[in-house]
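In case you want the letters, here they are:
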Amino acid sequence: MALALFDAPSSVFSRAVANRAGNPVAAGDSLRIHGKNARNFGAAIVLSRERPGRCVCSAVDDECSSQAYGSTMTSIDAQAQVSACASATSHRCSILQDLESHVDETFTFVFKPESAVTVTVSLKDALNETFYEVLLSAPLGGLTLHWAVNNWSLPSASWWPSGTVQVTDRAIETPFTRSESGSWEISMKIPELEVPRCLVFVLKDTDGAWYNNNGCFQVPLKCFELNDLMEQVILSETTFDNWSLFNRFILASELVDAAEEIGANGMAFMYTWLRFSALKQLTWYRKCNYQSKDIAYVQERLASLMAEKAARGKDPTIKKFARLILSTLPRGGGDADQIRMGILNIMRENGIREGHRPGIEDHFLEQWHQKLHTNTSSEDIHICEAYLHFLRTNNMDNFYQTLWNNGRISKEWIETMDHPITGHPVHLPHLIPAFQHFLWILKTVHSGADLDVMAEMSKGYLDDEIKSIIYNILGNRDAWWIPGELVKARKKLEKVWRGGLVQRDVMLLDIALNNFFGLSIGRIDKSALSGDDLCELLSLVLENCCIDAESEELNMCLKYWNKVKAEPRWTSTWALLAMSAADRIALSVEDYMDHIYKIVQPNAEILGKACGIAESYIKNFGEEVVRGQVLFNISGLLQRLQSILRGTAGLSTWQVVSHQPSAVGKVVVLPTLSSIQGLTYSEPHVVLTEKVDGMEDIPVGVTAVLCASTVDMLSHVAIRARDSQVLLSSCFSSEEFGSLKSFSGQHVLVNIGASGQVLVSECDECAEHDLKAENCTTHVKTSSIRNYQLEKLVLSEDEFEEGKVGAKSIKISMMRKALDKSVLLPPSIALPLGVFESVMNDPINSGVNSPFGFSLQRLKATSDSERISTELARIRGLVRTKLTVPKDLKRQVTSVAEACGLIPTGAWENEDNWEKAWQAICQVWSSKWTDRAWLSRRAHGIPDEALFMGCLIQKVIATDYAFVIHTMHPIAKDPELMFCEIVPGLGEVLVGNHKGSAFSFTVAKSNLEGADQLAWLITCLNLSTFVEARILSLPSKRVGLFAAEGTVIARSDSNGEDLEGFSGAGLYDSVTVDVSKEVVLDYSEERLIWDHAFRGQLLKAVCQVGINVEAAFNGQPQDIEGVYSSGNVAIVQSRPQILN
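Residues numbered from 1 in each chain as written. Predicted model: local features only at pLDDT ≥ 70, side-chain atom pairs only at ≥ 80, totals over all residues. Heavy atoms only, no water.

Asker: Any details on helix H22 (residues 615–627)? Residues and values, ideally.
Answerer: Relative to the 18 Å expected for 13 residues at 1.5 Å per residue, H22 spans 19 Å between its end C-alpha atoms, a close match to the ideal helical length. Of all the bends in H22, the greatest, near 50 degrees, is centred on phenylalanine 621. Burial in H22 covers these residues: Ile618, Phe621, Gly622, Val625 and Val626. Close packing links the buried residues of H22 with helix H6 (264–278) and helix H21 (572–610). (Helix = DSSP H or I, 4+ residues; strand = E, 2+ residues; numbered from the N terminus. Expected span 1.5 Å × (residues − 1). Bend = angle between axes of the 7 residues up to and from the residue. Buried < 20%, exposed > 50% of the residue type's maximum accessible area, 1.4 Å probe, protein only. Contact = heavy atoms within 4.5 Å.)

Given below as structure tokens:
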């Protein structure tokens, strides 16, 4: 291990080496000074452990070190006072070298003139085992390898080479032995899962001479990873006796490049670590002293590095977290020597006792003076502010109150520091001017994003226009127009720090302006604002956040919102448009914040537990980080604005997705609907839940589900709710939904009011009794599932017959015969019911069939939920990854697929292409045993052996839009009213209930008879409401899924879907052979919103398909899925609509 101090003042070296009695020295630890100050020392100190209690040291001139091979070593006591920095920190160059993988490389280490050890690293496979082979070769005998791994830790004894012995608690030794080729070698075979980041070693010969490369030799084996980063930090924070902010900032400076190379997780860990430090959850002083100019230097260096990363980081997430880190740091620099000398001069000039000098006895100033000399920090700013407050008021209570309010520093904290301050100050009000000046000196060194300080410190980098705006802000902090000026200043300042100049003070000034913007927005009473005021304020907050959020998506939202604002406002049409934009903003903000939370919270839990931080800080860490973002202000603005918009659009605060006359039951409050999958209630229950994903089953016994998340009308969960006659509704008012939680545990009656409102009231438990039997029993007729005997492995469309394939395939065949040729149907083939069982029983899969059968037996025999989940996962794993395709099946499926144009000739002769197709088929088969599917079948009394999983394979048509049509309105149950939903991209976003709204509308079929009547759609659909048709919502889905060109999809086609009383829609998987591309949608240019003529043509085509398909099935209402591409409509599938 080593510490590199670049261009450091000489005192950094002396302080780093001093005051470290008792800290262990690791082999290879070294401390070097690089740059212009290296000549101040003339040498670098190099330490390597020789044996317990001893170490060896050499003084090597920096320029001549390359010639100092095997120099004579002088023993010194291992208890030498060595800085923790030396034992905690990797040399910057070593870390950067470790960022690359080093498999199949050879390293040469010259240990004395004309003598070198070569080390070859290779990755090998043998007997289903992958391992690293490390071969060390020496040109002469008598050498012993003194070695360890990573930071001089013992490697696993399982792969020690022959002859290895442990010589210390941190090192082992292995002799070189003669090989058959005559060279002297050591061979190591390291299992891939145990391979360390690097090997570290020194050499010794039979004469006792050590060869250590001025520290140690290092063989990198794998990339510097997150675990390595965590290990270095946790080791330093938890094991070193002497540790402080000074050491922490040095270590952070050395690790920042490695963290950036690791990626988002690396930088997020750095932020978590330094935020814990800023919150004083990690020690600031532990038996360690340093001078003010030293801490000023390392603070300046770290802040400058983070400012550089925030502006020039390799990706947006790196920039984001570097900026967050900078917001926790002091600026450093300044006239740091004046901290030490300034307090001394004030005491001497005012006759205050200092040391042996006589004068006024003031223990507070004397103790504070000692702290400032030995470990000054940003706390001293708040101590000075509190002291000034005391000098003005002569009230000690005010001192401690100011200390806490300004810096969250308690009386107990300052009384238990390494240099405690226990004395009470003497009231000397004439010292106020002197300490006001001293406060400024402290701030120039230790303050971070302080608006006043940064405005002053950065003014040399700003033009007169920016300075004028900033001074105007400073002089009018409480003016109503300040938020707009803050954004104006930040946009101009952005050109500075994104341009050629990256200066920490400029970046800190921008952070300070952003913080003040958040404070200004937070104190606005949103409830008093008009709709127009809310619109403008939302735009301003979003514009401010886009300056530094490093988010292309937020910029899309800003562009969309500004375009919406420019439209004529406050009509019902505009309200729908504004609701779409507001919803889109909300989803973007949610995703942005969730990303921050999900990446920092796990780091907080690991680091916090390792360092003994209080559970309360760990538990709330991620949430507090999110709530501290200025972007968080958008949440309150949207909540208020969306309420106004829904009223303007004439919409209820509720959206009823599955309409039932009423529901009764006992209220249970849940975080998610998925948390009760597979349960069966013996009495009626009404579920209140924050989140419905869209793919869940409604448990037997649930009569109503009321949720706080949007649910698409045609999502799988909505269809299942209507199928099961369960009331399902979404609430858009957090206050109203929150009030319903007070009914938890009570028996309630749920009704739908005339305006679409959901009404909940208490009811007598006895009133439920008559409904229990009906609502707590399954409606599935298992006789609908028939056994099947396999006749043929692969079927073309003209061979699809009932009893051979599932309902999806049957409907495809029927539509092919009945529909006009203008309606496209993708070519399809099917692996019929029973093929999976045939493949599993094929001799080629005998090694899979046995464990598969045992798992099925164990599954039947247990009722334990964890055991069930474990066995289901084991079954899925076997089916997905272990099944081998029989040659005959591969030949047949390839032949039939080519014959119908599903794939190009020869496409599946390519092994990679075929393997992807086979994996998709196997995943469809394995979806029979997902937790949700298995629990659903169990709840509805469907035995496993009665369900056969077929597989429909279709060509995926490149699509612009996907749609779902219910030819009878699913809520109104009016056969003359059609309901449709459209989304950009593939339909999985729609039926899977991805967050956000689809484009949805209803239209009367009587208006769709004949081409002349259809023409009115083109001109009229720019209105939200028109004769017999109504647009219910405009799209706001955050993402669209777009298929790869020419890919195919394997779709579940079981005999357990579309049963009477049990739709099973979406219960089993459909898998594209090539992964679909997820695209973040930009609605500012979306034709479905802005191009009314195009929208009319699209809706005309969709509506006509609905009429045609329903007619093809003799007028039976249909649930139709299809796509629209370049003016053409294609049908993917159609099933009878669930009408319960």
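Asker: If you had to explain the pairing of strand S11 (residues 172–175) to someone new, which residues and values would you point to?
Answerer: Note that strand S9 (residues 144–149) and S11 share four bridges and pair antiparallel. Considered in S11, the bridge of histidine 146 is made with glutamate 173. Strand direction decides the pairing type here: strand S10 (residues 165–166) and S11, joined by two bridges, are antiparallel. Each residue of the ladder has a partner; that of valine 165, found in S11, is glutamate 173. Here S10 folds back onto S11 in antiparallel fashion, the turn holding five residues. (Pairing = 2+ DSSP bridges.)

Asker: Any chance you could break down the pattern of salt bridges for me, citing the residues and the numbers?
Answerer: Across all of its chains, the model carries 57 salt bridges by this definition. Residue arginine 340 is joined to aspartate 337 by a salt bridge in which the shortest nitrogen-to-oxygen separation is 3.9 Å. Note that arginine 340 and aspartate 337 are positioned in helix H9 (residues 337–349) at a spacing of three residues, about one turn of the helix. For aspartate 380, the salt bridge identified is with lysine 371, shortest N-O distance 3.1 Å. Summarising the burial analysis for this pair, aspartate 380 and lysine 371 share the class buried. What you see here is one network of salt bridges that share partners, running through Arg323, Arg490, Asp510 and Asp548. (Salt bridge = Lys/Arg side-chain N within 4 Å of Asp/Glu carboxyl O.)

Asker: Please provide a residue-by-residue account of the nonpolar core, values included.
Answerer: In terms of nonpolar packing, the biggest core is built from 196 residues, with Trp368 and Phe435 touching the most fellow members. Looking at which element gives the most residues to this core, the answer is H21, with 17 residues. The contact partners of tryptophan 368, leaving out residues within four places of it in the chain, are Ile343, Asp380, Ile383, Cys384, Tyr387, Ile421, Phe435, Phe438 and Leu442. In terms of nonpolar packing, the next biggest core, distinct from the first, is built from 47 residues, Val794, Val885, Trp918 and Leu935 among them. (Core = buried A, V, L, I, M, F, W, Y, C linked by side-chain atoms within 4.5 Å.)

Asker: Residue-level account of the sheet that holds strand S23 (residues 727–731), with values.
Answerer: The strand order across the open sheet built from seven strands is S19-S23-S22-S21-S20-S24-S25, with neighbouring strands paired in mixed fashion. The open sheet is flanked by strand S19 (654–658) and strand S25 (758–762), the only strands paired with a single partner. Strand-to-strand twist of the sheet, defined as the mean angle between neighbouring strand axes without regard to direction, takes the value 35 degrees. Sheet topology note: the strand S21 (residues 680–691)/strand S22 (residues 700–707) ladder contains six bridges and is parallel. Considered in S22, the bridge of valine 686 is made with alanine 704. (Axes fitted to C-alpha atoms, helices over the stretch in contact; angles between N-to-C directions.)

Asker: Describe helix H24 (residues 716–723), naming the residues involved and giving the relevant values.
Answerer: Within H24, eight of the eight residues are buried, which leaves it mostly tucked inside the rest of the structure. Among the residues of H24, those classed as buried are His716, Val717, Ala718, Ile719, Arg720, Ala721, Arg722 and Asp723. Where H24 is buried, its residues contact S19, S23, helix H33 (931–939), strand S29 (961–966), helix H34 (988–991) and strand S38 (1118–1125). Among the residues trailing H24, glutamine 725 stands out with phi positive, at a value near 60 degrees.

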